[in-house]
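Structural overview
The chain contents come next:
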Amino acid sequence: MKQTLTKKMWRETGSAYLFLSPALFVLLLFIIGPIVFAVFLAFHKVQLLGATSFEFVGFDNFTRIANDTRAKIALWNTLKYVVIVVPCQTILALVLAATLNAGLKGERFFRIVYFLPTLTSSAVLTLIFMWMYNQNGLINHVLEAVGLPTYNWLGDPDVALNAIMIMNIWSTAPYFMVIYLAALQDIPDSLYEAAELDGANAWQKFWHVTVPYLRPVTSFVVIMGLIGTFQLFDQSYIFSAGSGGPNNSTLTVVLLIYQYAFKTLGTMGYAAALAFALAIIILIATLLQRKLSKEESLY
Amino acid sequence: MGKTKWMATLGITTLLFGSLLTGCGGGEEAKQANGDSKQGEKVEVTLAGWGGNPSEQKLLQQTLDDFEKTHPNIKVKYEVIADQYMDVIKTRLAGGQGPDVFYLDAFEAPALIETGALEPLDKYVTDEFDIDDFEKPMLDAFKGKDGKIYGFPKDYSTLALFYNKKMFEEAGLEVPKTWDELREVAKKLTKGKDVYGFGVAPELARLYYIAESKGGKVVTDNKASFADPKVVGALQPIVDMHVKDKSAAQPNEVGATWGGEMFGQGKAAMVIEGNWAIPFLQDTFPDVEFGTAEIPMINGKKATMAYTVAYVMNKDSQKKEAAWKLISYLTGKEGMKTWTSKGYALPTRKSVAAELGFDKDPLRAPLVAGAPYATVWQNGTNLPIIVNNFNNQFISAFLGERPLADALKEAEKTANSEIENR
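Residues numbered from 1 in each chain as written. Chains lettered and ligands numbered in written order. Predicted model: local features only at pLDDT ≥ 70, side-chain atom pairs only at ≥ 80, totals over all residues. Heavy atoms only, no water.

1. Things to note about the overall build of chain B
- Summing up its helical and strand segments, chain B has 17 helices and twelve strands in all.
- For chain B, the C-alpha atoms occupy an extent of roughly 80 × 60 × 40 Å along the three principal directions.
- Looking at chain B as a whole, 55% of its 422 residues qualify as buried.
- Long-range pairs, those at least 24 residues apart, make up 72% of the contacts in chain B with a sequence separation of at least 6.
- For chain B, the accessible surface area stands at approximately 18500 Å², while carbon and sulfur atoms represent 52% of it.
- Taken as two groups, the 50 positive and 59 negative side-chain charges of chain B have centres that lie 2 Å from each other. (Helix = DSSP H or I, 4+ residues; strand = E, 2+ residues; numbered from the N terminus. Buried < 20%, exposed > 50% of the residue type's maximum accessible area, 1.4 Å probe, protein only. Contact = heavy atoms within 4.5 Å. Areas by Shrake-Rupley, 256 points an atom, 1.4 Å probe, with all protein chains shown as cover. Lys, Arg positive; Asp, Glu negative; His and termini not counted. Charge placed at Lys NZ, Arg CZ, Asp CG, Glu CD.)

Below, the structure written as structure tokens:
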């Protein structure tokens, strides 16, 4: 190959790169550059203000994570959040999609209604939910009316994270529902007919035809869900006014990264190390998921 | 093929670095262009701060207009950073785009001074500026370890006890003079879950003076030391009021966002707030009749908190002369008088305070009276870390989930390990 490089080929590749250069430039400047810089930061003790200094510290920032109680709490909260939210939103999305696909009356209307939460920005949703979660808010009034116990949703460390979970399941499930809906309409009717001839009831049809057929989509939904939930930030940030409180109960890994990067001075390097660690965790979780589902036909 | 790719990468990298270098070069040029102003040339100084309420903004604008009138060569560009003020300021300073003059809370001052991002102001000070006129604790809050002054306090606020006159009258109670009396009074004023006797903000910024009232220290040698039994003992009554007496609550338990709102809504008969609550209550809840008193004595001693904010100068500023003129006007006798004339915050200059006579204003007198014995909300460079950990664990004790001593012990451990790792 190398010997056959002619002038013409040089010119061709040259012009190709010339045309690619704006895109490459943007990619390098805004995507590759920051990633490389973040990795660089992760191995340094950084002071950005005043007398800027970068001191190489090797793996110190990473070993520090192991001794950081708050990092452990943040990771534990995030894991708890992922483990509960991902299955819940996936199942809810599937059920919603299945009901919408069943040919009921007013299907279109419900499709729109269900999809609405996805259209609102998460910051606005969080603020609205904070009103509803308020001690004298809508949710407590409803709970009281039906004789259930009320909670201090925002101030009680035991329920604050659950409050965010409920809100997030409600707001992200519709997004995945739409993906499921598209996949559902792809399932050939002949499969259902065959199942019917074999005497399958509605539940058996759903479990033995719909669910297996949707496996690649489920895999996609779970991976996107994993990545999204691991990166939980804005909701807990708004909920706790940036503190991760009450009592560290809404502290997530990304919120902790934010705190180290911007709230305390001189810990930018440690924040970068945390971000790097989170990226690796997400990578592992995604790989595990792919290994377990073994369905890669969709992506 | 491999070779071409390599070449291209090299090319792009050069391009990238080239652009970075030109970026820096731009800064150099700007430096020359903006250098010391010649006669008749207008200099624009940027001033950044957080926004207050509209009436406060109007006052500041008026002060700035006066300044521009007396200094025709200088134009002030005022920028409001509405949210996450310190994050924005830090990011802008790190990026070399910091404002020339900006607000700095005493709480954040030591850490920022330590980085060297601020300009020491001693060399600019003239006799005319009359530095001895400032309340000393407020001025000391902005001194660096090197003894230099990095900012001049523009105003301050102290805490006082706000009480609902009507509720006290109905219950036939006197305003408490000691903390024990407060606890008793709070019990009598509490009406189940509708009205709490005392509204508490369970955070260190508001509890610091109480925590240290029995001789314990929250911070020792720039490290957390609040697990000290003396500190625990001093804070225990607050926790007991919430857990045992059920006579105290935090604002979010009644659906309010802060003490002033809780008090205004009539859900707390007493709160401890600063002078910012006075105009708020008068505007938002005009029907609530309230009085203020000095904070009840703890251990036979008077105590309160003082919060202060200064104007500081960016070390990288290209217009330091003009920036100083602005600072010296705003914190000077004339500017400070205009700025504090409506009583949103209290003047840090003794002469201005005397002139405005806030010590005779019935609502503000207890606040002014607190200034000499107030604890300034600041302590070393690690206070932000210490506060974060304290608040996080204190709340669980406040909610009765575990003993205060345990909670504070764990918080202290976490805070100190974070400090050691810094």
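2. A few points about the packing of helix 7 (residues 157–184) of chain A against helix 10 (residues 215–230) of chain A
Residues and elements named next belong to chain A.
- Their axes nearest at 10 Å, the elements helix 7 and helix 10 cross at an angle of 165°. In terms of axis orientation, helix 7 runs roughly antiparallel to helix 10. At the point where helix 7 passes helix 10, the crossing takes the right-handed sense. Contacts between helix 7 and helix 10 involve Phe176, Ile179, Tyr180 and Ala183 on the former and, on the latter, Val217, Thr218, Phe220, Val221, Met224 and Gly225.
- Residues of the contact of helix 7 with helix 10, tallied by class, amount to eight nonpolar, two polar and no charged. (Axes fitted to C-alpha atoms, helices over the stretch in contact; angles between N-to-C directions. Parallel < 35°, antiparallel > 145°, perpendicular 65-115°, else oblique. Left-handed = near helix turned anticlockwise from the far one by under 90°. Nonpolar A, V, L, I, M, F, W, Y, C, P; charged D, E, K, R; others polar.)

3. Side note on the nonpolar core
All names here are of chain B.
- With 81 residues, the main nonpolar core has Phe102, Leu112, Phe152 and Leu326 as its most contacted residues.
- Broken down by element, the residue count for this core peaks at seven residues, all from helix 12 (residues 320–330).
- Counting residues domain by domain, this core receives three or more from each of domain 1 (43–157 + 306–376) and domain 2 (158–305 + 380–421).
- In this view, Leu326 contacts Val45, Leu47, Leu64, Phe67, Val76 and Val101; residues no more than four positions away in its chain are not counted.
- Grouped together as the second largest cluster of nonpolar side chains are 58 residues, Tyr163, Leu189, Leu235 and Ala397 included. (Core = buried A, V, L, I, M, F, W, Y, C linked by side-chain atoms within 4.5 Å. Domains from an automatic or database assignment.)

4. Quick word on the domain arrangement of chain B
Residues and elements named next belong to chain B.
- Structurally, chain B comprises domain 1 (43–157 + 306–376) and domain 2 (158–305 + 380–421).
- Contacts between domain 1 and domain 2 engage 23 residues on the former and 28 residues on the latter.
- Between domain 1 and domain 2 the total buried area reaches about 2100 Å² when both faces are included, carbon and sulfur atoms providing 66% of it.
- Three residues stand out in domain 1 for area buried against domain 2, namely Tyr307, Leu363 and Tyr373, and they jointly supply 31% of the buried area on that side.
- In this structure, the connection of domain 1 to domain 2 is made through seven residue pairs in polar contact (both at pLDDT 80 or more).
- Looking at the side of domain 1 that touches domain 2, the elements with two or more residues in it are helix 4 (109–115), strand 4 (151–164), strand 11 (304–313), helix 15 (365–370) and strand 12 (374–376).
- A total of four residues in the side of domain 1 that touches domain 2 trace back to one element, the largest contributor, which is helix 15. (Buried area = accessible area lost by both parts, 1.4 Å probe. Polar contact = N/O pair within 3.5 Å; in protein donor to acceptor, adjacent residues only side chain to side chain.)

5. Details of the UniProt feature "domain: ABC transmembrane type-1" (unreviewed entry) in chain A
- When the UniProt feature table is mapped onto this chain, "domain: ABC transmembrane type-1" (unreviewed entry) is found at residues 75–289 of chain A.
- Secondary structure across residues 75–289 of chain A divides into 76% helix and 0% strand, with the first and last C-alpha atoms of the span separated by 19 Å. (UniProt positions renumbered as here; feature names shortened; annotations may be inferred.)

6. Some thoughts on the interface of chain B and chain A
- Contact with chain B, which involves 38 residues of that partner, is made by 42 residues of chain A.
- Taken over both partners, the interface formed by chain B and chain A buries close to 3500 Å², and the fraction arising from carbon and sulfur atoms is 57%.
- Connecting chain B to chain A are two salt bridges.
- One salt bridge connects Asp87 of chain B with Lys263 of chain A, and the closest N-O pair in it is separated by 3.5 Å.
- Counting the contacts that link chain B with chain A gives 13 residue pairs in polar contact (both at pLDDT 80 or more).
- At the level of secondary structure, the elements contributing two or more residues to the side of chain B that touches chain A comprise helix 1 (2–34), helix 3 (85–94), helix 4, helix 16 (383–398) and helix 17 (404–421) of chain B. (Salt bridge = Lys/Arg side-chain N within 4 Å of Asp/Glu carboxyl O.)

7. As for helix 7 of chain A
- Taking 1.5 Å of rise per residue, 28 residues should cover 40 Å, and helix 7 of chain A covers 40 Å from first to last C-alpha, within 8% of that figure.
- By the N-cap criterion, in which a side-chain oxygen at the helix start approaches the backbone nitrogen of a residue two or three places on, helix 7 of chain A is capped by Asp156 of chain A, the distance to Asp158 of chain A being 3.0 Å. (Expected span 1.5 Å × (residues − 1).)

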